[in-house]
Amino acid sequence: DAGITQSPRHKVTETGTPVTLRCHQTENHRYMYWYRQDPGHGLRLIHYSYGVKDTDKGEVSDGYSVSRSKTEDFLLTLESATSSQTSVYFCAIGGDSPGYSPLHFGNGTRLTVT
Amino acid sequence: AQKITQTQPGMFVQEKEAVTLDCTYDTSDPSYGLFWYKQPSSGEMIFLIYQGSYDQQNATEGRYSLNFQKARKSANLVISASQLGDSAMYFCAMRDISSGDKLTFGTGTRLAVRP
């Protein structure tokens, strides 16, 4: 599991409500990422972080915000959830070693927005 | 243009046979890394194998090998002696400088191993 824990594992919420997903790592990686997985799209990058309070947008960042106040925690927030944000969300860590090291993923959070 | 293209949405293979999953990529960077991940029905993403653009030899990890053809920009995954447990979704991915060194995924290939 590469020391990554995502919470919650499953969540059902209503349109318009705020939702926060948490990613916790014990590997002390500087780099952390949030992806979403949808059929036919593979995994797409939402936001990423290269260190505490250092975050940036990925290719599908609209409607999402992130925060990283500690090395070990990376939070993904949907300020006002929409049905289009129903998806499986993966946190990943790694890629901060020299060269092209692989990312390691958490087990995912299945989010349903009704 | 798609950075990573996987043209096989689904494939079947007979148990104990070899199978090749196709992946082509698009980058103008001289330095990049190519990765394959496996996603079984349980949902986790499992890193399988890595190939660097400057690596002289094709990567191998147990029954997995990567058929890297740089001029064709292809990085096909070969699974030898397929097992029932190989039934899963397989994703090809790439990191390169022009994508800000972030991991970009293809849409995946679903492999089913028949007994």
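Residues numbered from 1 in each chain as written. Chains lettered and ligands numbered in written order. Predicted model: local features only at pLDDT ≥ 70, side-chain atom pairs only at ≥ 80, totals over all residues. Heavy atoms only, no water.

(A) Up close: the pairing of strand β3 (residues 19-25) of chain A. Residues and elements named next belong to chain A. The side-chain alternation of β3 yields one buried face, formed by Val-19, Leu-21, Cys-23 and Gln-25, and one unburied face, formed by Thr-20, Arg-22 and His-24. Bridge count between strand β1 (residues 4-7) and β3: four bridges; the pairing is antiparallel. Looking across to β3, one finds that Thr-5 is bridged to His-24. Alignment of β3 against strand β8 (residues 73-78), held across six bridges, turns out to be antiparallel. Bridge assignment links His-24 to a residue of β8, and that residue is Asp-73. (Buried < 20%, exposed > 50% of the residue type's maximum accessible area, 1.4 Å probe, protein only. Helix = DSSP H or I, 4+ residues; strand = E, 2+ residues; numbered from the N terminus. Pairing = 2+ DSSP bridges.)

(B) Summary view of the packing of aromatic side chains. Taken as a whole and assessed by the stated rule, the structure comprises 17 aromatic pairs over all chains. Ring centres of A:Tyr33 and A:Tyr35 lie 6.4 Å apart, and the angle between their planes is 35°; on these two criteria the pair is classed as tilted. Comparing A:Tyr33 with A:Tyr35, the two get one shared label, buried. With a centroid separation of 5.6 Å and 85° between ring planes, the pair formed by A:Tyr35 and B:Phe105 is classed as edge-to-face. Within this pair, whereas A:Tyr35 is found in strand β4 (residues 32-38), its partner B:Phe105 is found in strand β11 (residues 103-105), the two belonging to separate chains. The two residues A:Tyr35 and B:Phe105 agree in class, both being buried. The cationic tip of B:Arg63 hangs over the ring face of B:Tyr64; the distance from NZ or CZ to the ring centre is 5.8 Å. (Phe/Tyr/Trp six-rings, centres within 6.5 Å; stacked < 30°, edge-to-face > 60°. Lys NZ or Arg CZ within 6 Å of the ring centre and 35° of its normal.)

So yeah, pure geometry; function would need other evidence.
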